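Descriptive analysis of the structure
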2 protein chains.
Amino acid sequence: MTGTARTDTAQLMELLSVSLASYYGEFTVAAASENLTASQGKTLTVLRRGAASMSALATTLTCDASNMTGIVDRLEKRGLVRREPSPSDRRVKNVALTADGERVIDTIRGRMQHTVAGLERLDVQERETLSVLLERVFVERPAT
Amino acid sequence: MTGTARTDTAQLMELLSVSLASYYGEFTVAAASENLTASQGKTLTVLRRGAASMSALATTLTCDASNMTGIVDRLEKRGLVRREPSPSDRRVKNVALTADGERVIDTIRGRMQHTVAGLERLDVQERETLSVLLERVFVERPAT
DNA sequence: TATTGTTATACTCTATAACTATA
DNA sequence: TATAGTTATAGAGTATAACAATA
């Protein structure tokens, strides 16, 4: 056989499914407590890493570019993001978090008490190990 | 200070966010290839673990019970799930996967090549470690 | 009285297609 | 010609409130 009952790929996919549903469910509730939808919250999460064009946002969020117009419209109307013209390409609009937007997304993350408590159950070495493994699975690109 | 730059809670939350986006993005694309929305796919994922009532589904999917009616309606119309009356409580309807529904959700998971390949980058010991850590963070309940 | 599932409603998300401005 | 962003449209997801059937 190619793996134990506990750690074969299908079992790990299932555990990932449960784990990420837990994270996403708690994120959705936390976003709602700030009167934001999950998609609006996810947009703020991406922008927390830095400003991005409309099309870059759509790519990162795995949705069609036309969706971003409405989502960013609503976030902008609430003063959480702002559109800025790109200096180098007049077609492009860069979207950036405002100070209010930063505050709101940080508040949302802070309210994810179940996830935060789960992470704080790990000691320093375990955190490092989890970090390395998640990077291996989701971030690293296989050599071509 | 309370942690290293790499493994403090905020950093791990960010890495989880990236991991979730990768998993969820690939899941959404795979579900779309079977003409299913992400919510429909997530419903099949939950039912793969066993039949559940409408309200239990809503709880697991972190949404209002009224949403489940339409989602299950569409899945039932395609023959992927079926509603069955509960033997013990005549108010309750249990939803179960059909053989077709099982086939479809297994196909969707099989199409998540990036995630599958990421997991298969890990050796047996690493898989076991990841499994234990995810259970610690997301599944275990703290003693009261 | 409380719970389960449904319906009606209003708003948001989503993909597709067509459009304008710019490259 | 191709790309960035927007608009229009239709179908789906979402929470709220109200309802009938059942517990």
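Residues numbered from 1 in each chain as written. Chains lettered and ligands numbered in written order. Predicted model: local features only at pLDDT ≥ 70, side-chain atom pairs only at ≥ 80, totals over all residues. Heavy atoms only, no water.

**Some points on the nonpolar core**
- Residues A:Leu44, A:Leu130, B:Leu44 and B:Leu130 are the most contacted members of the largest nonpolar core, which totals 79 residues.
- For B:Leu44, the contacting residues outside a window of four places in its chain are B:Leu36, B:Leu75, B:Leu80, B:Val81, B:Leu97, B:Gly101, B:Val104 and B:Ile105. (Core = buried A, V, L, I, M, F, W, Y, C linked by side-chain atoms within 4.5 Å. Buried < 20%, exposed > 50% of the residue type's maximum accessible area, 1.4 Å probe, protein only. Contact = heavy atoms within 4.5 Å.)

**Thoughts on the sheet that holds strand E1 (residues 52-53) of chain B**
All names here are of chain B.
- Taken in spatial order, the three strands make up an open sheet running E1-E3-E2, and their pairing is antiparallel. Looking at which strands have only one partner, the edges of the open sheet turn out to be E1 and strand E2 (81-85).
- When E1 meets strand E3 (residues 93-97), the two strands line up antiparallel, connected through two bridges. If you follow Ala-52 over to E3, its bridge partner there is Val-95.
- The strands touched by helix H4 (residues 65-77) are E2 and E3; relative to E2, the strand with the most contacts, the crossing angle is about 115°. (Pairing = 2+ DSSP bridges. Helix = DSSP H or I, 4+ residues; strand = E, 2+ residues; numbered from the N terminus. Axes fitted to C-alpha atoms, helices over the stretch in contact; angles between N-to-C directions.)

**Points about the protein's contact with DNA strand C**
- Taken together, 22 residues lie around DNA strand C, and A:Thr37, A:Asp64, A:Asn67, A:Arg74 and B:Arg91 are the ones closest in.
- Counting only atoms of DNA strand C within 4 Å of the protein, the sugar-phosphate share comes to 69%.
- Here A:Ser39 contributes a side-chain N or O atom positioned 3.3 Å from a phosphate oxygen of DNA strand C.
- At 3.1 Å from a phosphate oxygen of DNA strand C is found a side-chain nitrogen or oxygen belonging to B:Arg83.
- Contributing elements (two or more residues each) for the surface near DNA strand C: helix H2 (38-47) and helix H4 (65-77) of chain A together with helix H3 (54-60) and H4 of chain B.
- The element contributing the most residues to the surface near DNA strand C is H4(A), with four residues. (Near = heavy atom within 4 Å. Polar contact = N/O pair within 3.5 Å; in protein donor to acceptor, adjacent residues only side chain to side chain.)

**Considering the pattern of salt bridges**
- Under the counting rule described, the total for this entry stands at 23 salt bridges over all chains.
- Between A:Arg111 and A:Glu34 there is a salt bridge, and its shortest N-O distance comes to 3.0 Å. Placement of A:Arg111 in the loop between helix H5 (99-110) and helix H6 (113-120) and of A:Glu34 in the loop between helix H1 (9-32) and H2 is noted, with a sequence separation of 77 residues between them.
- Of the charged contacts in the structure, one is a salt bridge between A:Glu76 and A:Arg83, with a shortest N-O distance of 2.7 Å.
- A relative accessible area of 30% means that A:Glu76 is categorised as partly exposed.
- A residue is classified by how much of its surface remains accessible, and A:Arg83, at 21% relative accessible area, is partly exposed.
- Shared partners join several salt bridges into a network, and the residues in it are A:Glu14, B:Arg49 and B:Arg109. (Salt bridge = Lys/Arg side-chain N within 4 Å of Asp/Glu carboxyl O.)

**A few points about the protein's contact with DNA strand D**
- Contacts to DNA strand D come from 21 residues, most closely from A:Ser55, A:Arg91, B:Asp64, B:Asn67 and B:Arg74.
- Among atoms of DNA strand D positioned within 4 Å of the protein, sugar and phosphate together represent 70%.
- Between B:Ser39 and DNA strand D, the recorded distance is 3.3 Å, taken from a side-chain N or O atom to a sugar or linking oxygen.
- Side-chain polar atom of B:Ser66 to a base oxygen of DNA strand D: 2.8 Å apart, as the coordinates give it.

**Notes on the side chain of B:Gln40**
Residue and element names in this part refer to chain B.
- Looking at the secondary structure, you find Gln-40 in helix H2 (residues 38-47).
- Residue classification places Gln-40 among the buried positions, given a relative accessible area of 11%.
- A distance of 3.0 Å separates the side chain of Gln-40 from the backbone nitrogen of Thr-37, its partner in a polar contact.
- Setting aside chain neighbours within four positions, we find Gln-40 in contact with Asn-35, Ile-71, Arg-74 and Leu-75.

**Section: helix H6 (residues 113-120) of chain B**
- Within H6(B) the residues assigned to the buried category are B:His114, B:Thr115, B:Val116, B:Gly118 and B:Leu119.
- Check the buried side of H6(B) and you find it contacts H1 and helix H7 (124-139) of chain A together with helix H1 (9-33), helix H5 (99-110) and helix H7 (124-139) of chain B.

**Overview of the sheet that holds strand E1 (residues 52-53) of chain A**
Residue and element names in this part refer to chain A.
- Across the sheet, which stays open at both edges, the three strands sit in the order E1-E3-E2 with antiparallel pairing between neighbours. Every interior strand has two partners, whereas the edge strands, E1 and strand E2 (81-85), have only one.
- Together, E1, E2 and strand E3 (93-97) form the strand contacts of H2, whose direction differs from that of E3 by roughly 95°.

**Remarks on the interface of chain B and chain A**
- Counting from both sides, the interface comprises 49 residues of chain B and, opposite them, 50 residues of chain A.
- Both sides of the chain B and chain A interface together cover about 5400 Å² of buried area, and 65% of this is carbon and sulfur.
- On the chain B side of the contact with chain A, B:Met13, B:Arg121 and B:Phe138 bury the most area, a combined 12% of that side's loss.
- The interface formed by chain B and chain A includes six salt bridges.
- A salt bridge links B:Arg49 to A:Glu14; the nearest nitrogen and oxygen atoms lie 2.5 Å apart.
- Our count for the contact surface shared by chain B and chain A stands at 17 residue pairs in polar contact (both at pLDDT 80 or more).
- Of all the secondary structure elements, the ones that give two or more residues to the side of chain B that touches chain A are H1, H2, H6 and H7 of chain B.
- Take the side of chain B that touches chain A: its biggest share by element is 15 residues, from H1(B).
- Among the residues making up the side of chain B that touches chain A, the classes are represented as 21 nonpolar, 13 polar and 15 charged. (Buried area = accessible area lost by both parts, 1.4 Å probe. Nonpolar A, V, L, I, M, F, W, Y, C, P; charged D, E, K, R; others polar.)

Function cannot be inferred from these measures alone, as they are strictly geometric.
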